[in-house]
Amino acid sequence: MALARVYTRALIGIHAPEIRVEVDLARGMPGFTMVGMPATTVKEARDRVKTALMNAGFEYPPATRITVNLAPADIPKTGARYDLAIAVGILAASGQIPDAILEQAEFYGELALTGELRAVNGLIPALLACRNKKRQAFVPIANEQEAGLVREQKSWLAADLVSVYEHLHDHQLLRESKPINWAKESSNDDGDLADVVGQDQAKRALLLSAAGKHHLLFVGPPGTGKTMLAQRLNGILPPLTEQEAMEIAAVKSVSFDYHHAEALTRRELRSPHHTCTAAALVGGGAGNSVRPGEISLANNGLLFLDEMPEFSRHVLDCLREPLGSGEITISRAGYNVKFPANFQLVCALNPSPCGQFDGSLANCRSTPDQILKYLNKLSGPLLDRIDIQVMVPRETESMSLNGGAKRNSQMTSAEAKSLVEKTRQRQIQRQGCLNSQVKPRALKQICELSDKTEAFLAKASEKMKLSHRAYHRTLRLARTIADLADSKKIEQQHLAEALNYRALDRLIDQVQSL
């Protein structure tokens, strides 16, 4: 009888490949067949679409065999995001709506039995791909926040199937989504750096970590401000670029991990509990329902692991590959899903199981063997990927009544943020990326050393038994220290400071010497 073609998009990770919904109406035994590798949730669309069409007052083709092909067939399809496209295809094939606009439009939405449209997840990746094809999109009105974030994309907001029908007939046009200013500064609830009294070395490490995007580890007894310091790091990071904001929004759109438009493009500090599983941390799921984990939700943001040795060693070692590549690949039978995981790692741990070890066993309830067993839960390859390890000791002076007097002379988060922005601009202008992201082959040119400083680093590396990875990371950190001081060359004092941020190595040596 008739054939219609409607466009929509699947969702694989944060990628949205194009799906052509081909609807054929033919005479014969009444039936509804769906092909093209649909999951069970997609196959159920035949009942939802049929009931929604009838309840919305449309004519469901009688005595007709309906065949719906979701092409290409080799792309797995899951969820109810294809309902609207299938319904529009049936209406177009049966002549109830004009099909001239269908080549220049894409349709997304789940249908209720009444014909109303419900929100779908992963809309931002679909709209970004739709914009590249220069098509207009029809989306549920419940997805208005996401639709407004994609600039230069015409998106029509539909409440139900009838409103889509009226728009396609030019009877009553739908409301177009309005652009949302994603760059608008949100309220800072991370606290101010000046609130932390004392701990000058830890705050210096915090500044270096932000300036070069270096991974950071705090070591110290309970109550010394490790968590407080980690929370302040988010407040001194520079504003997001549009590409970074869209990556954050895409991941949150896939996982529905937001409550309002501002949260879609906000850099976050994710802090999973130490009982979380590997799947919760890196992502996973059964069948076609693969969801991003904490490392992807922390993309372009911070991942804070408090009480790091309490995490399973297997879970921690899952971080090694994403820390190097900036993405995570989750393999399932027949296909792979990739999620971005370009996060900055911030960790905190106690120096011993009881938390009281300070170089001697006088106030410590743990034996040297217990301390070593506790610290050895962290593998060497993982620690090699952490550039800065810094002690956060107790400071009795900061606990005095006059400790607040020092607060006024300390750097605020706003001042630190301005300094971090200038330092990052130097790095981008010089090599096109931050220091922590410099490839090994370009490292020698960017981190050029004099013969004296190179000999100093070689001797220190041999004495401290640094691996090749730790050697390179020390160079990158020294480059950031030099950039922060606006120095064109890496001097010996910059290398000395970078080598000093090996607190955990010194702690283990102290325990072994007991």
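Residues numbered from 1 in each chain as written. Predicted model: local features only at pLDDT ≥ 70, side-chain atom pairs only at ≥ 80, totals over all residues. Heavy atoms only, no water.

## Re the overall build of the protein
For the record, the criterion: Secondary structure counts use DSSP, requiring at least four H or I residues in a row for a helix and at least two E residues in a row for a strand, with both numbered from the N terminus. Relative accessibility thresholds used throughout: buried, under 20% of the residue-type maximum; exposed, over 50%; partly exposed, between the two (1.4 Å probe, protein chains only). It only takes one pair of heavy atoms within 4.5 Å for two residues to be counted as in contact. All accessibility values rest on the Shrake-Rupley procedure with a 1.4 Å probe; residue burial counts only the protein chains present in the view. Residues scored as positive are Lys and Arg, those scored as negative are Asp and Glu, and His as well as the terminal groups of each chain are ignored. Where a charge lies is defined by one atom per residue type: Lys uses NZ, Arg uses CZ, Asp uses CG and Glu uses CD.
The helix and strand tally for the protein stands at 22 helices and 19 strands. If you line up the protein on its principal axes, its C-alpha atoms span 85 × 50 × 45 Å. Counting the 514 residues in the protein, one finds 53% classified as buried. Sequence-distant contacts in the protein: of pairs separated by 6 or more residues, those separated by 24 or more amount to 73%. Surface summary for the protein: the accessible area is close to 23300 Å², and the carbon and sulfur share equals 49%. Of the charged side chains in the protein, 62 are positive and 57 negative, and the gap between their average positions amounts to 4 Å.

## Some words on the packing of helix 7 (residues 200–212) against helix 20 (residues 468–484)
Using the following cut-off: Each axis is a line fitted through C-alpha atoms, taken for helices only over the stretch in contact, and angles between the N-to-C directions span 0 to 180 degrees. For this classification, under 35 degrees means roughly parallel, over 145 means roughly antiparallel, 65 to 115 means roughly perpendicular, and everything else is oblique. Three classes are used, and their members are as follows: Ala, Val, Leu, Ile, Met, Phe, Trp, Tyr, Cys and Pro are nonpolar, Asp, Glu, Lys and Arg are charged, and the others, Gly among them, are polar.
Where helix 7 meets helix 20, the closest approach of the two axes is 10 Å, and the angle between their N-to-C directions is 100°. By the angle class used here, helix 7 and helix 20 are roughly perpendicular. In this structure, helix 7 uses Arg204, Leu207, Leu208, Ala211 and Gly212 to contact helix 20, whose residues at the interface are Leu477, Thr480, Ile481 and Leu484. Looking at the contact of helix 7 with helix 20, its residues break down into six nonpolar, two polar and one charged.

## Quick notes on helix 17 (residues 413–431)
Cut-off, in case you're wondering: Helix span, as expected, comes to 1.5 Å for every residue beyond the first.
For helix 17, which comprises 19 residues, the first-to-last C-alpha distance of 27 Å matches the rise-based estimate of 27 Å (1.5 Å per residue) to within 8%. Buried residues along helix 17 sit in contact with helix 7, strand 18 (344–349), helix 18 (440–446) and helix 20.

## Some remarks on the nonpolar core
Applicable threshold: Within this scheme, the nonpolar core is defined by two criteria: the residues are buried Ala, Val, Leu, Ile, Met, Phe, Trp, Tyr or Cys, and they are joined through side-chain atoms within 4.5 Å.
In this structure, Ile86, Phe107, Leu319 and Leu504 are the most contacted members of the largest nonpolar core, which totals 113 residues. Counting residues per element, this core draws most heavily on helix 3 (residues 83–93), at nine residues. The residues touching leucine 319, leaving out its near neighbours within four places in the chain, are Leu281, Ile295, Leu303, Leu305, Phe343 and Leu382. Counting residues in hydrophobic clusters, the runner-up holds 46 residues, among them Ala202, Ala416, Val438 and Ala482.

## Observations concerning the packing of helix 19 (residues 451–464) against helix 21 (residues 492–500)
How we decide: Whether a crossing is left-handed or right-handed is set by the direction in which the near helix is turned from the far one by less than a right angle, anticlockwise for left-handed and clockwise for right-handed.
Relative orientation of the contacting elements helix 19 and helix 21 amounts to 15°, with a least axis distance of 10 Å. Compared by their axis directions, helix 19 and helix 21 come out roughly parallel. Like other packed secondary-structure pairs, helix 19 and helix 21 cross with a definite hand, here right-handed. On the side of helix 19, the interface is formed by Lys452, Thr453, Phe456, Leu457, Ala460 and Met464, while helix 21 contributes Gln492, Leu495, Ala496 and Leu499. In the contact of helix 19 with helix 21, the residues fall into seven nonpolar, two polar and one charged.

## Some remarks on the environment of cysteine 354
Turning to its location among the elements, cysteine 354 is positioned in the loop between strand 18 and helix 15 (368–375). Using a relative accessible area of 15% as the deciding quantity, one classes cysteine 354 as buried. A sequence separation of 130 residues divides cysteine 354 from leucine 484, and the C-alpha atoms of the two residues are 37 Å apart. Leaving out residues up to four positions away in the same chain, cysteine 354 has contacts with Cys364, Arg365 and Ser366.

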